[in-house]
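For reference, the chains in residue letters:
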Amino acid sequence: MTYAVCQEDSAVNVLTMPGKRLFLTGDEAVARAALECGIDVATGYPGNPSTKAITSLIPIAKQYGITVEWSVNEKVALEVATGAAWTGKRSFVAMKMSGVNVMADSLLSIAHSGVRGAMVIYTVDDVGVYYGMVEQDTRYYAQLASLPLLMPASPEEAYRMTRLAFALSEQTGAPVFVLGTTAVANAITAMKVGQIERETEKRPASFPRDLATFTKAAPQWCRDQHADAIKRLELAGELCRAMANDVNYLVVSESGERTQAQDPFIHPTPPFVPAGRGEEGKRPGIVVAGVSFSYVQELRQRAPHWFADVPVLKLGMIHPLPRQEIEYFLSQVDHVVILEELDPLIETQVLAIIAENGLHVRVHGKRNGLLPRVGDYSLELIQNALATLDAHLGRAPTWTHPHQVSNAPGMQEMPIRSPSNGKNGHALPMLKTPAPQARPTHLALARSLEFCPGCPHRMTYYALNRAIEQLGYTKDEVITTGDVGCTIIGMNAPLDTCWTEVSMGASTGIAQGMKQAGIERPVLAAMGDGTFYHNGIAGLLNAVQSGVNLTLLILDNSRNAMTGMQPDPGTGKRTDGSPSVRANIAMIARGCGVEFVKRLDPYQLPEMVATLQDAMRSPGVSVVIAEAPCTTQGILIHEPVQVDQQACLAGRGCEDTPCYHKVGCPSVLLSLDHVKPLVSIDSATCVACGLCVDACPYDAIKPVEQLNGQKSQDNPVFAGVQLRHMVQE
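With that out of the way, let us pick up the overall build of the chain. Looking only at helices and strands, the chain has 22 helices and 25 strands in total. Contacts spanning at least 24 positions in sequence make up 76% of the contacts within the chain whose residues lie at least 6 apart. As displayed, the chain has an accessible area near 32200 Å², and 54% of this comes from carbon and sulfur atoms.

Given below as structure tokens:
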């Protein structure tokens with residue numbers, strides 16, 4: 001097979017800028033490596049922090065002959081990529097950790113059948129929960145499915161390990177996980193890249209009729225496939241040891257020198273070099289995986305003398321773990337600190353290796369409370385842990401406790417839960433990092449989570465609250481199950497509408513269960529259009545078949561807005577922007593058997609309030625579609641407005657200022673630095689949705705031209721949004 005080096009032309013983006021060194025994020029580094037490895041198909045579902053891996057491939061897909069798509073959900077994305085890999089092609093699929101749950105049903109079956117070409121599954125665990133959902137450890141899925149998993153510590157490693165993952169997949173026939181975390185996916189650095197080589201003659205796609213491999217029709221076939229998956233996993237570990245010197249390596253010198261060669265594709269792995277032991281019974285070592293290795297490297301630069309007799313074993317292949325290297329490493333130390341975020345998977349296996357080999361090594365990590373199982377690690381947290389270890393071992397103090405490390409307080413609307421010490425309030429025994437009293441705790445600033453100015457979803461929830469009040473209920477009496485995406489922002493003050501969030505499309509099923517459990521008051525489920533297509537249709541069908549009374553509120557802005565305006569089936573455009581058939585939510589709902597289906601503009605508040613009341617009174621399942629475009633483009637909806645300060649009675653009879661406290665729009669400003677409260681409109685961000693006008697009981701918010709006699713332009717775009725889009729382009 002001959003290859004050609006692709007010349008960069010007009011379709012140049014961040015992945016294909018000229019030069020041998022590029023500034024790339026971890027997501028983009030993975031995409032660049034996939035491009036170099038000759039992928040034919042790339043699929044995914046948008047979900048930060050993994051979104052950029054697919055986004056960066058879309059503009060250059062045609063140039064390089066790649067099929068790139070945002071699939072309807074992660075399960076479908078995996079299945080499309082598998083179809084390509086089963087025909088002998090190379091495929092790539094990307095998602096966040098929550099998407100692994102969605103694709104799990106197909107994942108295990110595909111893992112046992114294997115692939116004929118090569119397939120890399122790029123997932124990103126949101127350690128610290130910066131983008132929502134739960135703290136989830138994808139490494140469990142690699143164990144469950146008997147699949148190899150590589151875990152990079154930096155964007156450079158993400159690039160190298162993705163190249164290695166394709167090589168491993170092609171040689172073993174196993175899909176291979178590349179697992180990033182939020183810190184690695186979002187980090188950006190300059191890195192060396194290779195040439196983008198594409199086959200001049202594409203390999204023909206073919207697929208054999210092999211029922212024993214690609215079906216699960218006979219018990220013996222399933223058992224054989226399971227055995228084959230285990231063999232592929234073991235082979236991947238052996239190949240990784242032979243091919244990949246830069247995946248697992250030992251650092252033993254004060255300068256941080258590695259005992260293995262750098263090129264993961266050329267040199268075999270040499271044996272580890274023994275390190276000299278320190279004081280008997282006191283010598284510590286460190287086993288580290290993921291981004292924590294970057295923190296260790298920075299600490300090494302700050303205190304190289306501390307690491308002079310402290311070897312560091314850096315792991316890149318997490319499943320299967322390199323037992324041979326770990327066994328040798330443990331034979332050289334008396335105490336070992338395990339640095340891994342989330343669950344103690346490596347720590348548990350290290351304890352097993354110690355027991356199986358009769359070693360006498362004390363393990364320090366999550367199990368004895370030195371390090372937390374919740375949240376992401378940081379330089380300060382690891383420094384604190386090493387300081388505590390020095391005190392425990394009686395070593396000369398090197399590290400100081402920089403400050404008490406704590407988690408960010410979260411969104412300012414959310415109450416901070418008091419910590420629970422145990423089932424019955426009893427303290428759990430833990431080796432805790434001592435917190436000095438001399439230094440104050442440093443907390444991250446609280447952040448609020450709000451709808452954008454003029455967002456149609458705010459209008460919809462505001463109308464829902466009005467409808468609930470007019471039906472004689474309070475917001476605390478009517479349950480609205482929320483869903484993933486912009487929809488869930490309705491849980492926050494001042495709207496306080498959504499009660500739950502589980503997974504994409506789960507709100508309808510949760511609402512159905514509540515009704516079937518005996519809730520007599522109205523119950524609503526709310527989800528966005530992307531979520532409806534993703535996994536909400538099945539829940540709607542189920543609710544209709546169950547015959548329960550509930551209302552499904554679909555907030556339709558015709559795109560996946562929260563993750564970056566990716567198209568969905570209702571957008572009317574394909575991934576590359578070309579036109580496509582546009583799905584019709586109302587027709588789908590009627591096709592599911594729903595008789596009460598209403599679609600309307602949420603900016604028409606009186607009509608919206610009345611329709612929601614009718615829906616909640618209607619028997620069976622009712623569907624209300626609030627349809628309006630996302631306002632992030634900054635186009636004015638109505639005429640610009642401003643506060644008539646003479647008519648405004650804030651602090652003079654209007655004490656609750658509903659325009660501010662009930663609407664919750666970032667463009668409505670309230671200042672208490674004056675003689676009386678001063679309400680104003682931020683004209684740089686306001687898109688004139690009219691909600692504050694409706695909320696004001698004294699008609700004090702009026703069109704600007706009415707206040708100053710100046711006529712505004714038709715649908716102008718405010719300067720802040722214009723500048724942002726210029727920078728993005």
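Enumeration according to the criterion identifies zero disulfides in this entry. Of all cysteine sulfurs in the structure, the one in Cys696 sits closest to Cys659, which takes part in no disulfide; the separation is 5.9 Å. Of all cysteine sulfurs, the one in Cys689 lies closest to Cys665, which takes part in no disulfide; the gap is 5.8 Å.

With that settled, consider the pattern of salt bridges. Think of it this way: side chains of opposite charge can pair up when their charged atoms draw near. The full count for this structure, using the stated rule, is 21 salt bridges. With its nearest N and O atoms 3.7 Å apart, the salt bridge here joins Lys62 to Asp576. Of this pair, Lys62 sits in the loop between helix 2 (52-55) and strand 4 (67-70) while Asp576 is found in the loop between strand 19 (550-556) and helix 17 (585-591), placing the two residues 514 residues apart along the sequence. A relative accessible area of 69% means that Lys62 is categorised as exposed. Assessed through its relative accessible area of 42%, Asp576 is described here as partly exposed. Its salt-bridge partner being Arg395, residue Asp309 comes within 3.9 Å of it at the nearest N-O pair. One end of the pair, Asp309, is in the loop between helix 10 (292-302) and strand 13 (312-315); the other, Arg395, is in the loop between helix 13 (379-393) and helix 14 (456-470), with 86 residues separating them in the sequence. It is possible to trace a salt-bridge network through shared partners that takes in Arg32, Glu36 and Arg163.

The next subject is the pairing of strand 5 (residues 90-96). Burial within strand 5 is extensive, with seven of its seven residues counted as buried. Because side chains alternate across strand 5, one face comprises the buried residues Arg90, Phe92, Ala94 and Lys96, and the other comprises Ser91, Val93 and Met95, equally buried. Pairing analysis gives four bridges linking strand 3 (residues 41-44) to strand 5, with the strands arranged parallel. Looking across to strand 5, one finds that Val41 is bridged to Ser91. Here strand 5 pairs with strand 6 (residues 118-125) via seven bridges, running parallel. Looking at strand 6, one finds that Arg90 is bridged to Ala118. The parallel pair strand 5 and strand 6, bridged by helix 4 (residues 97-113), forms a crossover whose chirality is right-handed.

This part takes up the pairing of strand 19. The element strand 19 is extensively covered by neighbouring structure, given that seven of its seven residues are classed as buried. Burial of strand 19 is two-sided: the residues Leu550, Leu552, Ile554 and Asp556 facing one way and the residues Thr551, Leu553 and Leu555 facing the other way are all buried. Alignment of strand 18 (residues 523-528) against strand 19, held across five bridges, turns out to be parallel. Opposite Ala525, over in strand 19, you have Leu552 as the bridge partner. Following the backbone out of strand 18, through helix 16 (residues 529-546) and into the adjacent parallel strand 19, one traces a crossover that is right-handed.

Turning our attention to the packing of aromatic side chains. Taken as a whole and judged by the stated rule, the model has seven aromatic pairs. Residues Trp86 and Phe207 carry aromatic rings whose centres are separated by 5.9 Å and whose planes lie at 15° to one another, so their mutual orientation is stacked. With a gap of 121 residues between them, Trp86 in helix 3 (residues 74-86) and Phe207 in the loop between strand 10 (197-199) and helix 8 (211-214) connect regions that are remote in the sequence. A relative accessible area of 18% means that Trp86 is categorised as buried. The partly exposed category is assigned to Phe207, whose relative accessible area is 45%. Between Phe92 and Tyr122, the aromatic rings sit 6.4 Å apart at their centres with planes inclined by 20°, giving stacked as the arrangement. Of this pair, Phe92 sits in strand 5 while Tyr122 sits in strand 6, placing them 30 residues apart in sequence.

Here we come to the side chain of Ser98. For Ser98, the location among the structural elements is in helix 4. Ser98 has contacts with Met133 and Gln136, leaving out every residue within four places of it along the chain.

Looking now at unusual backbone geometry. Cis peptide bonds are those with omega within 30 degrees of zero, and the linkage from His319 to Pro320 qualifies with 0°. Among the structural elements, Pro320 can be located in the loop between strand 14 (317-319) and helix 11 (323-330). Cis geometry is adopted by the peptide bond preceding Pro494, which originates at Ala493 and carries an omega value of 5°. In this fold, Pro494 is placed in the loop between strand 17 (479-481) and helix 15 (506-517). Of note, Ser146 is a non-glycine position whose phi angle comes to about 55°, a positive value.

With that out of the way, let us pick up the sheet that holds strand 11 (residues 249-251). Pairing is mixed across the open sheet formed by five strands, whose spatial order is 11-13-12-15-16. Edge strands, defined here as strands with exactly one partner in the open sheet, are strand 11 and strand 16 (362-364). Between one strand axis and the next, the sheet turns by 20° as a mean value, whatever way the strands run. Bridge count for strand 15 (residues 335-339) against strand 16 is three bridges, and the pairing is parallel. For His335, the partnering residue across the bridge sits in strand 16 and is Arg362.

So, about the environment of Glu450. By the secondary structure assignment, Glu450 is in the loop between helix 13 and helix 14. You can call Glu450 partly exposed: its relative accessible area is 37%. Taking the C-alpha atoms as reference points, Glu450 and Met491, separated by 41 residues in sequence, lie 9.7 Å from one another.

Another point: helix 18 (residues 605-617). For helix 18, built from 13 residues, the straight-helix expectation of 18 Å at 1.5 Å per residue is met to within 8% by its first-to-last C-alpha distance of 19 Å. Taken together, the buried positions of helix 18 are Leu605, Met608, Val609, Thr611, Leu612, Gln613, Ala615 and Met616. Where helix 18 is buried, its residues meet helix 14, strand 18, strand 19, strand 20 (596-600), strand 21 (621-627) and helix 20 (691-695).

With that out of the way, let us pick up helix 16. Along helix 16, the helix axis deviates most sharply at Asn535, where the bend reaches about 70°. Looking at the residues trailing helix 16, positive phi occurs at Gly547, about 75°.

We now examine the packing of helix 10 against helix 13. Close contact between helix 10 and helix 13 brings their axes to 9 Å; oriented N to C, the two are set at 65°. Of the two elements, helix 10 crosses helix 13, and the hand of that crossing is right-handed. Contacts between helix 10 and helix 13 involve Ser292, Tyr295, Glu298, Leu299 and Arg302 from the former and Leu379, Ile382, Gln383 and Leu386 from the latter. For the contact of helix 10 with helix 13, the residue count by class is five nonpolar, two polar and two charged.

When you line up the elements, Gly539 lands in helix 16. On the basis of relative accessibility, which here comes to 14%, the residue Gly539 falls in the buried class. C-alpha of Gly539 to C-alpha of Ala506: the two residues are 33 residues apart in sequence and 7.0 Å apart in space.

The mixed open sheet is built from seven strands, whose spatial order is 4-3-5-6-8-7-14. Only two strands of the sheet have a single partner each, and these edge strands are strand 4 and strand 14. In terms of strand pairing, strand 3 meets strand 4 through four bridges, oriented parallel. When the bridges of strand 4 are listed, Ala42 appears paired with Val68. Sitting on the sheet, helix 1 (residues 26-36) touches strand 5 and strand 6, and the angle it makes with strand 6 is about 180°.

So, how was this worked out
For every chain, the first residue of its written sequence is number 1, and the numbers climb from 1 along that sequence. Local features in a predicted model are, by the rule used here, given only for residues with pLDDT of at least 70; side-chain atom pairs are given and counted only at 80 or more, and totals for whole chains, interfaces and linings are based on all residues. To get the side-chain values, take all heavy atoms of the structure and skip hydrogens and water. In this description a helix means any DSSP run of H or I spanning at least four residues, a strand means any run of E spanning at least two, and both kinds are numbered starting from the N terminus. We call two residues in contact when some of their heavy atoms are within 4.5 Å. The accessible surface values rely on the Shrake-Rupley method and a 1.4 Å probe; as for residues, cover is taken only from the protein chains in view. Cysteine sulfur atoms are paired as a disulfide whenever they fall within 2.5 Å. Between Lys or Arg on one side and Asp or Glu on the other, a salt bridge is scored when a side-chain nitrogen of the former is within 4 Å of a carboxyl oxygen of the latter. Exposed residues in this analysis have more than 50% of their type's maximum accessible area, buried residues have under 20%, and partly exposed residues fall in between, with area computed by a 1.4 Å probe over protein chains only. DSSP bridges decide pairing: two strands pair if at least two such bridges lie between them. When the strands point away from the viewer and the path from the first strand over the helix to the second turns clockwise, the crossover is right-handed. Only the six-membered ring of Trp is used, alongside the rings of Phe and Tyr, when aromatic pairs are assigned; centres must lie within 6.5 Å, and planes under 30 degrees apart are stacked while those over 60 apart are edge-to-face, with the rest tilted. To define axes, lines are fitted to C-alpha atoms, for helices over the stretch in contact only, and angles between the resulting N-to-C directions are given on a 0 to 180 degree scale. By this rule, a helix spans an expected 1.5 Å times one less than how many residues it contains. Consider a residue and the seven residues that end there alongside the seven that start there; fitting an axis to each set, the bend is the angle between those axes. Handedness of a crossing is defined here by the sense of rotation of the near helix relative to the far one, left-handed for an anticlockwise turn of less than a right angle and right-handed for a clockwise turn. Residue polarity is assigned by list, with Asp, Glu, Lys and Arg as charged and Ala, Val, Leu, Ile, Met, Phe, Trp, Tyr, Cys and Pro as nonpolar; anything else, Gly included, falls into the polar class.

That's the geometry; what it means functionally is another story.
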